[in-house]
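# An overview of the molecular structure
Next come the chains, spelled out residue by residue.
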Amino acid sequence: MKLAVCIKRVPDMEMRFKIAASGTSIDEAGLKFDMSDFDGYAAEIAIQITEKLGAGEVTVISLGPDVVQETLRKALSMGAHRAVHLKQDAPVSDGLAVATALAAELRDGGYDLVLLGRMAVDTQNRSTGAFVAELLGLPFISAISKLDVAEGVVKARRELEGAYELIECPLPAVLTIDEGIARARYPSLKGIMAAKKKPMESKPAQLGAITYQLEKLELPAERAAGRIIGEGKDAVPELVRLLKEEAKVL
Amino acid sequence: MPNILAFSETRLGEMRRAGLETVTAARQVADATGGQVHAVLIGAPGVAQFAARLAAHGADVVLVLEHDAFANYNPEAIVATLAQRLGSGYRAAFFAASAQGHDLVARVAARMKLAYASDVTEFKFAGDSVTVKHPGFTNKIVQTFQLKATPAIISLRAGAVLPVENPKAGTVEAIASAIDPTTARVKVTLTEKAAGGKLDLGEAPVIIAGGRGLKEAANFKLVEDLAAAFGNAAVGATRAVTDDGWRPHSDQIGQTGRLVSPDLYVACGISGAIQHLAGMRTSKTIVAINKDKEAPIFKVADYGIVGDVMEVLPVLTEAVKQAKAGG
């Protein structure tokens, strides 16, 4: 079984963000970066599949400047087998352009499964997996919360708003992974040592046409400062009055 | 004037609120720029019954596709049918940024090489340009995009546009599936409502959420009781709580869970970790009940009560019941 996982390097979301002078990117000074959470789950699932089979190969792919090789190396230290860096120095906000480059790399790779996170936690578009599937003409299942792959068939579960559905498709397929299915493992020291010797190929990204343009980034309007109205159950009558008369939600 | 398309999501033979939101958004654009609203309704035989509701919300034309193979969501046939339809020339198309929307809309856009803005909270049509806003970075940054291609494909965040009635003719036209819907490679074999048939977090006007301050899973009963007292409330949870298995992962509100903005959010025993705030800070009114008066949740709470959630909740539940009863 050949598996590919597309991973994105994103800033640590616990940081406080500042907008860079350009107005179209964040100020990266002082930020920490790591693999997008959901991509970590996707990498974990792919590695688990090869471990369970005792065979197969996981290729991790990431697009961006040279520093994304650090993120790829982390995936190798988790247990992925080889990495492909699609080099692209300038930031690209257009998901379809990025997906076109990923699809170009994946197309002739002979992959049985292509996995991605349900979304990148920075851009929150939730579209790259679907774009890649469409560009490759492959079956696609998004936001998988349970997964079983056997005998050439994918069986998956997806959580919906107030419901869930069970989905099946044949291999090869493109899947995106939701939370709750697996925790990304921490690389072991042995894994980190082994990763240093694993192949890392770097080549220019073949971006697609740009369909939209990022105009600006802004910080959202701040909420008014919080207010404590009282202590313990004695504050309940005042809360109910405020919900009725001020907030008008009761 | 080119027309505006709106895809109306249904599930298990029911119209989704999101399906009315897309029609309302399309109506707003059509009223401003001209053109008609074409609403698309796809489902098992019987789904055409919803055409009247789409007409009431501003659909000039309702394009209906009924087939048994659409009893469950049938992504490949829907994508093919919508892509074919968009090829006939539209100014824009509105979808819901729902689980189903996120599964299908990007495929439609990629097939047609169209600009797709996902999870949009605001949009502006002016001349040839379409400008949209979309929150990112766990809702800490608002991204503004300009879409270059026509039609512009937009998925709307739940609640970004609320359903408004604006009756139009809603002439029903039957359309055909662009591919044989029985031969799709991706098959949904079962769709089932979550246990209890509760209100969904994305649609409930009120959310009562619980955190570690509840001490153990059984105490979530207090949260459920308050939700029941409101009657229009859904129950949510923090990641700490879903990770511990007190509540299902689908209840998780926060950076890696659901992003919600209800009219009222009641945080019970939630300290307000930054990942949790990311998922709920856009709520209109926030109430926090927490023992620790230094908890970050109080920085965003319109109304905070410092106290033991186990002691405050039963009293609040009774008071809400009385208020609802007119007392």
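What counts, and at which threshold
- Residues numbered from 1 in each chain as written.
- Chains lettered and ligands numbered in written order.
- Predicted model: local features only at pLDDT ≥ 70, side-chain atom pairs only at ≥ 80, totals over all residues.
- Pairing = 2+ DSSP bridges.
- Helix = DSSP H or I, 4+ residues; strand = E, 2+ residues; numbered from the N terminus.
- Contact = placed C-beta atoms within 7 Å.
- Axes fitted to C-alpha atoms, helices over the stretch in contact; angles between N-to-C directions.

### Quick notes on the pairing of strand β9 (residues 129-136) of chain B
Residues and elements named next belong to chain B. By the bridge criterion, five bridges tie strand β8 (residues 122-126) to β9 in an arrangement that is antiparallel. Paired with Phe123 across the strands is Val132, a residue of β9. Following β8, the chain reverses through two residues before pairing antiparallel with β9; Gly127 in that reversal takes a positive phi of roughly 55 degrees. When β9 meets strand β10 (residues 141-147), the two strands line up antiparallel, connected through seven bridges. Following the sheet pairing, Gly136 is matched in β10 by Ile141. In textbook terms, the turn of a hairpin is the stretch between consecutive antiparallel strands, and for β9 and β10 this stretch comprises four residues, one of which, Phe137, has a positive phi near 50 degrees.

### Observations concerning the interface of chain B and chain A
Opposite the 76 residues of chain B that make contact, chain A presents 68 residues. Among the elements that make up the side of chain B that touches chain A, the one with the highest residue count is helix α4 (residues 99-112) of chain B (eight residues). Pairing of strand β13 (residues 228-231) of chain A with strand β18 (residues 303-306) of chain B involves three bridges; the strand directions are parallel. The residue bridging Ile228 of chain A from the neighbouring strand is Gly304 of chain B, located in β18 of chain B.

### Comments concerning the sheet that holds strand β13 (residues 187-193) of chain B
With respect to topology, 10 strands assemble into an open sheet ordered β11(A)-β5(A)-β4(A)-β1(A)-β6(A)-β10(A)-β7(A)-β8(A)-β9(A)-β13(B), the strand pairing being mixed. One side of each edge strand has no neighbouring strand; the edge strands of this open sheet are β11 (200-204) of chain A together with β13 of chain B. Within this sheet the neighbouring strands show an average axis-to-axis angle of 30 degrees, counted without direction. Note that strand β4 (residues 57-64) of chain A and strand β5 (residues 82-87) of chain A share six bridges and pair parallel. Bridging across to β5 of chain A, Leu63 of chain A finds its partner in Leu86 of chain A.

### Quick notes on the environment of Asp263 of chain B
Of note, Asp263 of chain B is situated in the loop between α6 (239-243) and β16 (264-268). Sequence separation between Asp263 of chain B and Lys284 of chain B is 21 residues, and the spatial gap between their C-alpha atoms is 4.8 Å. Residue contacts for Asp263 of chain B: discarding those within four places in its chain leaves Val249 of chain A together with Pro205, Val206, Lys284 and Thr285 of chain B.

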